[in-house]
Amino acid sequence: MADLSAFPITTRWPAANPNIIQLYSLPTPNGVKISIALEELGLAYEPHPISFSTNDQKSPEFVSLNPNGRIPAIIDPNGPDGKPIGIFESGAILLYLAEKTGKLIPTDAAGRYETIQWVFFQMAGVGPMFGQFGHFYKFAADKVANNSYPMERYRDESKRLLSVLEGRLQDRQWIMGDLYTIADIATFPWLRGADVFYGGREVLDYKSFPAVMAWLERCIARPASEKGLNIPQRPA
Ligand SMILES: N[C@@H](CCC(=O)N[C@@H](CS)C(=O)NCC(=O)O)C(=O)O
């Protein structure tokens, strides 16, 4: 039986099975990246919902695993050298899982770096820009009712990023061509989220990006996505 007692988060969210990966998350665009990857990889894991309504992500127990106070985070009881490891930042977790299994990433060095490059493109571009767009367009719209500049700035940058993806996905099934990778898993939940959570499909002009839309549908239709998009279930 793995010993996770070095991780204070397990006092508040105890592991029913400490021998499998512990996932602390919610079904948000960053959170579902990890449940989708775990489903694709067929790895056993135990999901723990972290409730935003009670600010669980800022609790001392959660912050002991991720000082940044944001989901997702994991503990893998079978980390490097067989020792438990805790990881936060969705891009780092995706890379860790891909390297642990040798899946969802090309095996050749050039392909591996090309994939990492697109993961960073998502982490530094798509996620932050779409997130700010959603903030000003939906969640804080009342605070900027007299100033459309913040929404327009992030809307236009999000559309520009969509055009970069549109170029990449011409004649490619997935971001890395024939191989479905962590670059796809990092990116598609944000495009889906801007539609489902922000109602931004029209204002982001999704119809102008047909290759991206076809790819998005292919990503969502994968059985692992259908499952992972709803894990962990939101607390009642
Ligand atoms: N760069 C981080 C961002 C994580 C992030 O922003 N998570 C959001 C949910 S999508 C969160 O925990 N928000 C709650 C909060 O900010 O308090 C990652 O990719 O893991």
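Values in this document were obtained by computation on a predicted structure and should not be read as measured data. Note on numbering: residues in each chain are counted from 1, in written sequence order. Thresholds applied to this predicted model are a pLDDT of at least 70 for local features of residues and 80 or more for the giving and counting of side-chain atom pairs; totals over whole chains, interfaces and linings are not thresholded and use all residues.

### Focus: the overall build of the chain
What counts as a helix is a DSSP run of H or I of at least four residues, what counts as a strand is a run of E of at least two, and both are numbered from the N terminus. From N to C terminus, the chain includes 9 helices and 4 strands. Reading the helices (α) and strands (β) of the chain from amino to carboxyl end gives α-β-α-β-α-β-β-α-α-α-α-α-α. Compactness check: the chain gives a C-alpha radius of gyration of 18 Å against a globular reference of 18 Å for 236 residues, within 12% of the reference. When its C-alpha atoms are laid out on the principal axes, the chain stretches across 55 × 45 × 25 Å. Contact definition: two residues whose C-beta atoms, as placed from backbone geometry, lie within 7 Å. Intrachain contacts of the chain at a sequence separation of at least 6 include 68% that bridge at least 24 residues. Throughout, radius of gyration means the C-alpha value; the globule benchmark is 2.2 Å times the number of residues raised to the power 0.38.

### Quick word on the site of the ligand
A residue counts as near a molecule or strand when its C-beta atom, positioned from the backbone, falls within 6 Å of it. Around the ligand sit T28, P29, N30, G31, F52, Q57, G69, R70, I71, P72, E89 and S90, and those are all the residues in its vicinity. Residue classes in the shell around the ligand are distributed as 4 nonpolar, 6 polar and 2 charged. In this count, Pro and Cys sit with the nonpolar residues alongside Ala, Val, Leu, Ile, Met, Phe, Trp and Tyr, while Asp, Glu, Lys and Arg are called charged and the others, Gly among them, polar.

### Some details on helix α8 (residues 210-221)
Each turn of an α-helix holds 3.6 residues, which means side chains three or four residues apart point in the same direction. Here α8 contains 12 residues, and its C-alpha end-to-end distance of 17 Å stays within 8% of the 16 Å for a straight helix at 1.5 Å per residue. Taken together, the buried residues of α8 touch α6 (149-168), α7 (182-196) and α9 (223-228). Here the expected span of a helix is defined as 1.5 Å times the quantity of residues minus one.

### Section: the pairing of strand β3 (residues 73-76)
Residue alternation in β3 divides its side chains into two sets, A73 and I75 and I74 and D76, and both sets are buried. Bridging between β3 and strand β4 (residues 85-88) involves 4 bridges; their strand directions are antiparallel. When the sheet's bridge partners are listed, I75 is paired in β4 with G86. Any residue whose C-beta has 12 or fewer other C-beta atoms within 10 Å is treated as exposed, any with 20 or more as buried, and any in between as partly exposed, C-beta atoms being built from the backbone. A pair of strands counts as paired when DSSP detects no fewer than two bridges linking them.

### A word on the sheet that holds β4
Read from one edge of the open sheet, 4 strands run β2-β1-β3-β4, paired in mixed fashion. A single partner strand is all that each edge strand has here, and the edge strands are β2 (45-49) and β4. On average, each strand axis in the sheet is inclined to that of its neighbour by 15°, with strand direction left out of account. All axes are obtained by fitting lines to C-alpha atoms, using only the stretch in contact for helices, and the reported angles, taken between N-to-C directions, cover 0 to 180 degrees. Across the sheet, helix α2 (residues 31-41) touches β1 (21-25), β2 and β3, and the angle it forms with β1 is around 150°.

### Side note on the domain arrangement of the chain
What counts as a domain boundary in this text is fixed by an automatic or database domain assignment. Looking at the assigned domains, one finds that the chain contains domain 1 (9-103) and domain 2 (109-225). Computed over C-alpha atoms, the centres of domain 1 and domain 2 are 23 Å apart. Listed per partner, the contact involves 13 residues of domain 1 and 12 residues of domain 2. Sorting the residues of the side of domain 1 that touches domain 2 by element identifies α2 and α4 (90-101) as the ones contributing at least two each.

### Section: the nonpolar core
A general feature of soluble globular proteins is that nonpolar side chains tend to end up buried together. For our purposes the nonpolar core covers buried Ala, Val, Leu, Ile, Met, Phe, Trp, Tyr and Cys residues that link as a set through C-beta atoms within 7 Å. Residues Y24, A37, I74, L94 and I182 are the most contacted members of the largest nonpolar core, which totals 35 residues. Residue contributions to this core reach at least three from each of two domains, namely domain 1 (9-103) and domain 2 (109-225). Those residues in contact with I182 that lie beyond four places of it in its chain are A37, L94, L95, A98, L104, I105, T115 and V119. One finds V126, L165, W190 and L216 within the second-largest nonpolar core, a separate group that totals 22 residues.

### What about the UniProt feature "domain: GST C-terminal" (unreviewed entry) in the chain?
UniProt positions are given in the numbering used here, feature names are shortened, and annotations may be inferred rather than shown by experiment. As recorded in UniProt, the feature "domain: GST C-terminal" (unreviewed entry) lies at residues 108-236. Helix and strand shares over residues 108-236 are 65% and 0% respectively, and the end C-alpha atoms of the span are 45 Å apart.

### Remarks on the packing of α4 against helix α5 (residues 109-139)
Relative to each other, α4 and α5 sit at 160°, their axes nearing to 10 Å. The angle between α4 and α5 places the two elements in the roughly antiparallel class. Once α4 is placed against α5, the crossing between them reads as right-handed. Along the contact surface, α4 presents G91, L94 and L95, while α5 presents I116, V119 and M123. In terms of residue class, the contact of α4 with α5 is built from 5 nonpolar, 1 polar and no charged. Any angle from 65 to 115 degrees is called roughly perpendicular, while one under 35 is roughly parallel, one over 145 is roughly antiparallel, and all others are oblique. Whether a crossing is left-handed or right-handed is set by the direction in which the near helix is turned from the far one by less than a right angle, anticlockwise for left-handed and clockwise for right-handed.

### Overview of α5
With 31 residues, α5 ought to run about 45 Å at 1.5 Å a step, and its terminal C-alpha atoms sit 41 Å apart, in line with that. Two axes define the bend at a residue: one fitted to the seven residues ending there, one fitted to the seven starting there, and the bend is the angle between them. Q122 marks the point of greatest bend in α5, at about 35°. The set of residues buried in α5 consists of T115, W118, V119, Q122, V126, G127, M129, F130, F133, G134, F136 and Y137.

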